[in-house]
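Examining the three-dimensional arrangement
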Amino acid sequence: MTELADRDYFTDHEILVDPYAYFEAVREKGAIYQPKGKDYLMVMGFEETLEIMRNSDDFSAIIGLQGASAPLPFAAQGGDITAEIEAHRDEFHGGDLLVNLDDNTHLQLRSLVNRLFTPSRLKANEEFIQAYSDELAREAVANGKVELVGKIATPFVTLVIADLLGIPAEDRQKFMDIIQDAPPPGNLDGELDLDAEDHPFMIMGGYFAQYVADRRANPTQDILSELANARYPDGTLPDEMAIVKLGMFMFGAGQDTSAKLLGNAMRYIVDQPGLQDRLRADPSLIPALIEEVLRLEGSTKQTARLARKDTRIGDLEIKAGTKIMLAIAAANRDPRRWEDPKAFKLDRPKIREHVAFGRSAHTCAGAPLARVEVRVILEKLLKYTSDIDLDPAVHGPRGARKLVFEPSFIIRGLAELHLKLTPAEGVDLASIGPSVIQKSEAPVPPSSPAAAPSAGYSTAVTKLAVLLKDAAAKEVLDRHFPGITTDKRIGMAKSMTLRAIQKFAPGQFTNEALDAVDSDLAGLPAQ
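All of the points below concern the structure found in this document. (Residues numbered from 1 in each chain as written. Predicted model: local features only at pLDDT ≥ 70, side-chain atom pairs only at ≥ 80, totals over all residues. Heavy atoms only, no water.)

**Concerning the nonpolar core**
Definition in use: By nonpolar core is meant a set of buried Ala, Val, Leu, Ile, Met, Phe, Trp, Tyr and Cys residues that side-chain atoms within 4.5 Å join together. Exposure categories follow from relative accessible area, calculated using a 1.4 Å probe and restricted to protein chains: below 20% of the type maximum is buried, above 50% is exposed, and the middle band is partly exposed. In this text, helices come from DSSP runs of H or I with a minimum length of four residues, and strands from runs of E with a minimum of two, each type numbered from the N-terminal end. In this description, contact between two residues means that some pair of their heavy atoms is separated by no more than 4.5 Å.
F208, F251 and M266 are the most contacted members of the largest nonpolar core, which has 112 residues in total. Here this core gets 15 residues from one element, more than from any other, and that element is helix 11 (residues 240–271). Setting aside anything within four residues of it in sequence, one finds M266 in contact with L148, L378, L381, I388, L417 and L419. Grouped together as the second largest cluster of nonpolar side chains are 31 residues, A5, Y22, A304 and M325 included.

**As for the sheet that holds strand 10 (residues 418–423)**
The test is simple: Pairing between two strands requires that DSSP report at least two bridges joining them. What counts as an axis is a line fitted to C-alpha atoms, over the stretch in contact for a helix, and the angles between N-to-C directions run from 0 to 180 degrees.
The three strands are arranged 4-10-9 in an open sheet whose pairing can be described as antiparallel. Of all the strands in the sheet, the pair left with one neighbour each is strand 4 (145–147) and strand 9 (385–390). Across the sheet, the mean angle separating the axes of adjacent strands is 25° when strand polarity is ignored. With three bridges connecting them, strand 4 and strand 10 associate as antiparallel partners. Following the sheet pairing, V146 is matched in strand 10 by L419. Across the sheet, helix 7 (residues 148–165) lies against strand 4 and strand 10, angled at about 70° from strand 4, the strand it touches most.

**Looking at helix 15 (residues 367–383)**
Keep this limit in mind: To estimate the expected span of a helix, subtract one from its residue number and multiply by 1.5 Å.
The end-to-end C-alpha distance of helix 15 is 24 Å, a good match for the 24 Å that 17 residues give at a rise of 1.5 Å each. Of all 17 residues in helix 15, 14 are buried; the element is thus mostly enclosed.

**What about the pairing of strand 10?**
Along any regular strand, the residues point their side chains to alternate faces of the sheet. Strand direction decides the pairing type here: strand 9 and strand 10, joined by five bridges, are antiparallel. Looking across to strand 10, one finds that L390 is bridged to L419.

**Describing the side chain of E292**
Mapped onto the elements of the fold, E292 is located in helix 13 (residues 286–297). Overall, E292 belongs to the buried group, its relative accessible area being 0%. Once you skip the residues sitting within four places of it in the chain, E292 turns out to touch A343, F344, K345, R348 and I351.

**Examining the environment of D96**
Our working rule: A 3.5 Å cut-off defines polar contacts: any pair of N or O atoms within that distance qualifies, except that in protein one atom must be a possible hydrogen donor and the other a possible acceptor, and neighbouring residues in sequence count only when both atoms are side-chain atoms.
If you trace the backbone, D96 turns up in the loop between helix 4 (82–87) and helix 5 (103–116). Put simply, D96 and I62 are 34 residues apart on the chain and 8.6 Å apart in space, counted from C-alpha to C-alpha. Here K245 takes part through its side chain, which lies 2.2 Å from a polar atom of the side chain of D96.

**Observations regarding the pattern of salt bridges**
When their charged atoms lie close together, side chains carrying opposite charge are able to pair. Definition in use: The salt bridge definition used is simple: a Lys or Arg side-chain nitrogen within 4 Å of an Asp or Glu carboxyl oxygen.
Applying the stated rule across the entire model yields 40 salt bridges. A salt bridge links D271 to R398, with the shortest nitrogen-to-oxygen separation between them at 3.5 Å. You can see D271 sitting in helix 11 and its partner R398 sitting in the loop between helix 16 (392–395) and strand 10, a full 127 residues away along the chain. Note on R398: relative accessible area 46%, which makes it partly exposed. The partner of R375 in a salt bridge is E379, with the nearest N and O atoms 3.1 Å apart. Of this pair, R375 and E379 both sit in helix 15, four residues apart, which is roughly one turn of that helix. The class for R375 is buried, based on a relative accessible area of 19%. By sharing partners, the salt bridges in this structure join E24, R27, E48, D334 and R336 into a single network.

**Points about helix 2 (residues 19–27)**
In an α-helix, one turn spans 3.6 residues, which is why side chains three or four residues apart end up on the same side. Burial of helix 2 is extensive: seven of the nine residues sit out of reach of the surface. Along helix 2, the positions that sit buried rather than exposed are P19, Y20, Y22, F23, A25, V26 and R27. Turning to helix 2, the residues buried within the fold contact helix 1 (13–17), strand 1 (32–33), strand 2 (40–43), helix 13, strand 8 (323–326) and helix 14 (328–331).

**Comments concerning the sheet that holds strand 2**
Sheet architecture is open: five strands sit in the order 1-2-8-5-3, paired in mixed fashion. Strands at the two margins of the open sheet, each flanked by one partner only, are strand 1 and strand 3 (59–60). Here four bridges tie strand 2 to strand 8, and the two strands are oriented parallel to one another. When the sheet's bridge partners are listed, Y40 is paired in strand 8 with K323.

Structure follows, in structure tokens:
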């Protein structure tokens, strides 16, 4: 029988239910351990985790999404494989997304993200957070019950990031539906191809491609225009596709951290004796609660790094090409760093030193937003209730809870959490008016540039999806742009015209080439 420490973390569903017992079994092997038969290292120690997170010169973030167990797309040779990583970047899962970037490319793109999370912008965004959380909390308490994850957490954080990014009101429900149906990152049952046209990132990418193209052509006084036209610190204008993928990632990644953190925090609020009454009496304790939950039950269980140079972790020599799993959940329970690490302590000293949001260059940019989101919605739920409990018919009694977690090697979060809510005496749960979901700063951008009506196909008027459905038009596209009709990455642009897509790849879709396509399309009858 395989020893617990040597079971496969990345595929074992039993470990998913209780990763902490597994991490403690691995910790007994040492702060750094290589499971038998595996080609990666597992880091359990707090100081060792910090050391690696801070050393972005020697450790690449390229395997952050695919994890340490996935094979590299090349054979690592030599003491510095930085050039090989960059040459094969598009072969890594999500290799061009912010979380996986390194060096100047990461710094440049991160500088754009930082513009969104300024104190003034977060303060303005909190107005939306306060209004929407109040709406959700009142409705839930009035009903006397709610499924927290699907009915509050997910729609709440989805619309908060939509408000921050300036997603038009008319598109917000579509984004909510996309996120609601999306599998978690690090899915134990297999990752979806990020380039597949039905992947949530690709669907959202189609919208962001339209937003960016429109805001660059017709800038307004909104957040999308600011993001679409922002420049890097060196003064250069980012490639439009870089902005599209940044928007996609921020929207997608912004869901899991906050939504799962809310569910994890509620478990402690409900099952820690006397805790919810203490928080009601003094809501200023809620931030401390959030930090201790982040340490004990943070939304991210692990991340990964790839040694790109021969280096060291403490006294251990590490060869370039070594894959490393950073067990964040284990580091945050390291007894060498935390006194009584398994215990919940609301007043734990230096609690914000946990690594639940990472550290150094790849610290989660959305951490300040996540803290505000969870704090505010908890304030509202506690304000309007005299008691919150888990529904025993679904989750069982205290001490014998039945909980289902998302099947992910990255995310620690509940699939659902059913609450019973007892209203506070004298609380007003009346309707607060029109839903804030409809708040919008700008109209929906056009899906393609305006152009005169045409009886046939046109690269300025006809959307790519229409052309791809017509065999004759599809043949024209393949003749002028070989491989375009089978390129999975084109999926996010199907709702756009080729003239609109031109902005993202002017070297490929030149005016001359598109004029030639128009000439050939002119002879085809529109379907």
